[in-house]
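Summary of the model geometry
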Amino acid sequence: MTRLPTDPAANLAALIQCPSVTPDDAGALDALSAMLAPLDFVCDRPVFSEPGTPDIDNLYARRSGNGPHLMFAGHTDVVPPGDPDAWTHDPFGASVSGGAMYGRGAVDMKGGIACFVAALARVVESGRPVPGSVSLLITGDEEGPAINGSVKLLKWAAEKGESWDACLLGEPTNPDAMGDMIKIGRRGSLSGTIIVEGTQGHVAYPHLADNPVRSIVALCAALNATPLDAGTDDFQPSNLEVTTIDTANPAVNVIPARASASFNVRFNDSWTEETLKAEIMARLARGAASGRDDRPPARFGVDWKEPVSQVFLTRNEALTGALAASVTAVTGRDPVLSTSGGTSDARFIKDYCPVVEFGLVGKTMHMVDEHVALADLETLTAIYADFIIRWFAGKAGR
């Protein structure tokens, strides 16, 4: 009899040992496909391309049944480990020490995938029926540009006739302990680069030049002159951060001809893409005239970065309620329903079905010595197993 992949630690070790730093798959999706085979999944491995970006391996796996369709989504790609010598354990060795497994991707988010596979395997092994279909939508392009990953994989699957009733995304959502938090939405993300045109000249003759550095500083100050908003019932306040200021000028005795500044806004549901861009342009127009005396306003433009991630909120009690109930049943804790944090592939999934996020504790993600407690792997597996049973039972009772 074929052994089912019921051990989340063993599943995770197999995934960590594949050094799948974006865009390299390094065998991670082969390892996952091998885990899914005994569970009667049919696996497809589309590779997507885009000029100027690397080709990306993806996995769509489906275990078909009669009834509703639950998707689990995630990614097997990981960020670089940095200096391997700074780690106390091989970043791709899946070493166990002190009750924890060490390795890049342990919590973000190979651990979540390992636990979901183990959870479904335990449900199947128990003999409980799964009255519907379960699919895994797994990309190798979440930590990178996210061009040849989930956004194309979802479109590809939908064009093949796939549709889903709900999605659980296994990103690490818990700040401190298992059961802390479920993500039910995300703020939007808008980025741009301000470019100010000046007049190059000698620093000893400033009257013959127009220093764009002064203007770019004034423009950046105008962007943050007042808060964008005070937050809403469902979202924390929007925030705008200037992330770079540059002149590309290596000389200390030359006033540069141009200056630029990049910024990112994480925005709540007070704004749409159009109203937020309009507000930013209005603030910049005020900043362009600041401190110019009798000179005309600074000459500037904005290069908006595409695509914009839209703000969203999942209002689906059947999904959110089932997951919260499972978290409470296993941990005894009532999770916070949150929209905090950065973006995730949920921004793509929301266009196809309701989506919520729940995974491991994220304290060490992207850090040297990323690790996960073995006890947390068992807890998450138990939560996922309870959720699978509870969600399908709820759909059957409707």
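Just above sits the structure.
Because the structure is predicted, anything quoted here is derived from the model rather than measured. Every chain is numbered independently, its residues counted from 1 as its sequence is written. Whole-chain, interface and lining totals are the exception, using all residues; otherwise, since this is a predicted model, local features are given only for residues with pLDDT of at least 70 and side-chain atom pairs are given and counted only at 80 or more. Calculated side-chain values reflect all of the structure's heavy atoms, with hydrogen atoms and water omitted.

1. A word on the overall build of the protein chain
Filter applied, for reference: Secondary structure elements follow DSSP: runs of H or I no shorter than four residues count as helices, runs of E no shorter than two count as strands, and numbering proceeds from the N terminus. Only protein chains enter the accessibility calculation, which uses a 1.4 Å probe; a residue is then buried when its area is under 20% of its type maximum, exposed when over 50%, and partly exposed in between. Should any heavy atoms of two residues lie within 4.5 Å, those residues are counted as being in contact.
If you tally the helices and strands in the protein chain, you get nine helices and 20 strands. Seen along its three principal axes, the alpha-carbon backbone of the protein chain occupies a region of about 85 × 50 × 40 Å. Out of the 398 residues in the protein chain, the part that is buried amounts to 51%. Residue pairs in contact within the protein chain that sit at least 24 positions apart in sequence constitute 80% of those at least 6 positions apart.

2. Remarks on the sheet that holds strand β16 (residues 299-304)
The strands that make up a sheet are held in pairs by hydrogen bonds between backbone atoms, and each pair lies either parallel or antiparallel. This is how the line gets drawn: Should DSSP find at least two bridges between two strands, the strands are regarded as paired. Comment: axis = line fitted to C-alpha atoms, over the contacting stretch for helices; angle = value between 0 and 180 degrees taken between N-to-C directions.
Spatial strand order, β13-β15-β11-β16: four strands in an open sheet with antiparallel pairing. Each edge of the open sheet is held by one strand with a lone partner, namely β13 (239-246) and β16. Here the strands of the sheet are splayed against their neighbours by 25 degrees on average, with no regard to which way each runs. Helix-sheet contacts for helix α6 (residues 273-289) involve β11 (188-197), β13, β15 (258-267) and β16, and the interaxial angle to β16 is about 160 degrees.

3. A few points about the packing of aromatic side chains
This is how the line gets drawn: Note on aromatic contacts: the rings of Phe and Tyr and the six-membered ring of Trp form a pair at centre separations within 6.5 Å, being stacked when their planes are under 30 degrees apart, edge-to-face when over 60 apart, and tilted otherwise.
Under the criterion given, the structure shown has eight aromatic pairs. Considering the side-chain rings of Phe-72 and Tyr-384, the 5.8 Å spacing of their centres and the 70 degrees angle between planes classify their relative orientation as edge-to-face. Placement of the pair is Phe-72 in strand β4 (residues 69-75) and Tyr-384 in helix α9 (residues 374-396), with a sequence separation of 312 residues. The same class applies to Phe-72 and to Tyr-384, which are both buried. Look at Trp-164 and Tyr-352: their rings are 6.0 Å apart centre to centre, the planes differ by 80 degrees, and that puts the pair in the edge-to-face class. A residue pair is termed long-range when its members are at least 10 positions apart, and Trp-164 in the loop between α4 (150-159) and β8 (166-169) and Tyr-352 in the loop between α8 (346-349) and β19 (355-357) qualify at 188 residues. By way of ring pairs, the aromatic residues Tyr-60, Trp-156, Trp-164 and Tyr-352 are connected into one cluster.

4. A look at the sheet that holds strand β5 (residues 96-97)
Taken in spatial order, the three strands line up as β5-β6-β20 in an open sheet, and their pairing is antiparallel. Whereas interior strands pair on both sides, the edge strands pair on one side only; in this sheet they are β5 and β20 (371-373). Across two bridges, β5 lies against strand β6 (residues 100-102) in antiparallel orientation. When the sheet's bridge partners are listed, Ser-97 is paired in β6 with Ala-100. On the sheet, helix α1 (residues 8-16) packs against β6 and β20 and is oriented at approximately 15 degrees with respect to β6. α9 rests against β5, β6 and β20 of the sheet, and its axis sits at about 70 degrees to β20.

5. Observations regarding the packing of helix α7 (residues 317-331) against α9
Defined as follows: Throughout, the term roughly parallel applies to angles under 35 degrees, roughly antiparallel to angles over 145, roughly perpendicular to angles from 65 to 115, and oblique to all others. Each crossing gets its handedness from the near helix: less than a right angle anticlockwise from the far helix is left-handed, clockwise is right-handed. Gly counts as polar in this scheme, as do all residues outside two lists: the nonpolar Ala, Val, Leu, Ile, Met, Phe, Trp, Tyr, Cys and Pro, and the charged Asp, Glu, Lys and Arg.
At a closest axis distance of 8 Å, the pairing of α7 and α9 adopts a crossing angle of 135 degrees. Here α7 lies oblique to α9, going by the angle between them. In terms of crossing hand, the pair formed by α7 and α9 is right-handed. Residue-level contacts link Ala-318, Leu-319, Ala-322, Leu-323, Ala-325, Ser-326, Val-327, Ala-329, Val-330 and Thr-331 of α7 to Thr-379, Ala-382, Ile-383, Asp-386, Phe-387, Arg-390 and Trp-391 of α9. Among the residues making up the contact of α7 with α9, the classes are represented as 12 nonpolar, three polar and two charged.

6. Considering the pattern of salt bridges
Using the following cut-off: Salt bridge, as used here: a side-chain nitrogen of Lys or Arg that lies within 4 Å of a carboxyl oxygen of Asp or Glu.
Tallied over the entire structure, the rule returns 20 salt bridges. We note a salt bridge from Glu-370 to Arg-104, for which the minimum N-O separation is 2.7 Å. Taken together, the positions of Glu-370 in the loop between β19 and β20 and Arg-104 in the loop between β6 and α3 (110-125) put the pair 266 residues apart, joining distant regions of the chain.

7. Some details on the side chain of Glu-273
Note the following rule: By the criterion applied in these results, polar contacts are pairs of N or O atoms within 3.5 Å in which, for protein atoms, one can donate a hydrogen and the other can accept it, and in which residues neighboring in sequence qualify only through two side-chain atoms.
With respect to the helices and strands, the residue Glu-273 is situated in helix α6. What makes Glu-273 buried here is its relative accessible area of 18%. Separated by 3.0 Å, the side chains of Glu-273 and Lys-277 make a polar contact. Ignoring any residue separated from it by four or fewer positions in sequence, one finds Glu-273 in contact with Glu-306, Val-308 and Gln-310.

8. Focus on unusual backbone geometry
The peptide bond linking Thr-22 to Pro-23 adopts the cis configuration, its omega dihedral lying at 10 degrees. By the secondary structure assignment, Pro-23 is in the loop between α1 and α2 (28-36). Cis geometry marks the peptide bond from Asp-108 to Met-109; its omega dihedral reads -20 degrees. In this structure, Ala-26 takes a positive phi of about 55 degrees despite not being glycine. Mapping Ala-26 onto the fold places it in the loop between α1 and α2. Residue classification places Ala-26 among the partly exposed residues on the basis of a relative accessible area of 39%.

It is worth stressing that arrangement in space is one thing and function is another; only the former is reported here.
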